[in-house]
Amino acid sequence: MLEHHDAIACVKLVPIFQQLDHETISAVADLVQERHVNKGEFVFMAGEHADSLMIMAHGQVKVTQSSASGREQMIRLLQTGDFDGESVLFEDKERQTSAEALTDTQICLITRQDFQKLIKQSPAVAINMLNALGKRVSELEAQAAATLTTSVGERLANYLVETGSELDTNDFDLPLQKKDLALYLGTSPETISRKLKQFSTSGLISQRGRNHIKLNDIDGLMMVES
């Protein structure tokens, strides 16, 4: 059972709730259900009934979709503070995507039924939801623009630093396979391998095996431009 103050902290991670007054945030927190997902387990799978907003309290989750040929493609990476499933709060539908935990993950869930009751009680929540959906579109546009305006090295360095922060360690296995990481960063697996080797040669990181990384110089990684 999630403690109320922990539920409030989880709710405050989500932009759609951040501008609400404390009383309303507390009311949202009362709706929260907690779920722990181990690394490698699925949070949800395509075809399942979707009825809950998922809030990432801690961890990393990759959201994938299968093509007509059956090939899995990653479409989004969820990290602490991200949320998924906002559309299911307004319509009854099946999930079109699957989500797999890349690390041990803690999530908060709010069901559609509970959320719609809350909206009737608090129009401010509905307004914040619309604003947050607009922000989501802007973020996707910004991500697309960043792919064009920032270097692969900069995007990769930022990902490594963010992942270390998520895992609370500078010594970790890459949660994403290189093909998925390449897709997420808008490049090729070969380029990812080449950039990691450059970081290693420069002393920014150390590598062991195919996917183990140790961050040696976080400040240096944050200053990578090429």
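Residues numbered from 1 in each chain as written. Predicted model: local features only at pLDDT ≥ 70, side-chain atom pairs only at ≥ 80, totals over all residues. Heavy atoms only, no water.

Focus on the state of the cysteines
Scanning the entire structure with this criterion turns up one disulfide. The disulfide bridge from Cys 10 ends at Cys 108, spanning 2.0 Å between sulfur atoms. Around the S-S axis, the bridge from Cys 10 to Cys 108 shows a dihedral of about 125° and counts as right-handed. Of this pair, Cys 10 sits in helix 1 (residues 4-11) while Cys 108 sits in strand 10 (residues 105-111), and the two are 98 residues apart along the sequence. Here Cys 10 falls in the buried class, since its relative accessible area comes to 4%. For Cys 108, a relative accessible area of 3% translates into the label buried. (Disulfide = S-S within 2.5 Å. Helix = DSSP H or I, 4+ residues; strand = E, 2+ residues; numbered from the N terminus. Buried < 20%, exposed > 50% of the residue type's maximum accessible area, 1.4 Å probe, protein only.)

Observations concerning the sheet that holds strand 7 (residues 83-84)
Spatial ordering of the open sheet is given by 1-10-4-7, a layout of four strands whose pairing is antiparallel. Two strands bound the open sheet, and with one partner strand each, they are strand 1 (33-37) and strand 7. (Pairing = 2+ DSSP bridges.)

Focus on the packing of helix 6 (residues 152-167) against helix 7 (residues 178-185)
The geometry of helix 6 relative to helix 7 is characterised by a closest axis approach of 10 Å and an angle of 120° between their N-to-C directions. Taken together, the axes of helix 6 and helix 7 lie oblique to each other. The chirality of how helix 6 crosses helix 7 is right-handed. Across the interface between the two elements, Arg 155, Leu 156 and Tyr 159 of helix 6 pack against Leu 181, Tyr 184 and Leu 185 of helix 7. Residue composition of the contact of helix 6 with helix 7, grouped by class: five nonpolar, no polar and one charged. (Axes fitted to C-alpha atoms, helices over the stretch in contact; angles between N-to-C directions. Parallel < 35°, antiparallel > 145°, perpendicular 65-115°, else oblique. Left-handed = near helix turned anticlockwise from the far one by under 90°. Contact = heavy atoms within 4.5 Å. Nonpolar A, V, L, I, M, F, W, Y, C, P; charged D, E, K, R; others polar.)

A short note on the UniProt feature "domain: HTH crp-type" (unreviewed entry) in the protein chain
As annotated by UniProt and renumbered to match this structure, "domain: HTH crp-type" (unreviewed entry) occupies residues 150-219. For residues 150-219, helix accounts for 56% and strand for 16%, while the C-alpha atoms at its two ends are 18 Å apart. (UniProt positions renumbered as here; feature names shortened; annotations may be inferred.)

Points about the environment of Phe 17
With respect to the helices, strands and loops of the structure, Phe 17 is situated in helix 2 (residues 15-18). Between the C-alpha atom of Phe 17 and that of Glu 225, which follows or precedes it by 208 residues, the distance is 35 Å. Setting aside residues up to four positions removed in sequence, Phe 17 forms contacts with Val 11, Ile 25, Val 28, Leu 53, Ile 55, Ile 110, Phe 115, Val 125 and Asn 128.

Here we look at the environment of Asn 158
Its location among the elements puts Asn 158 in helix 6. Residue classification places Asn 158 among the partly exposed residues on the basis of a relative accessible area of 27%.

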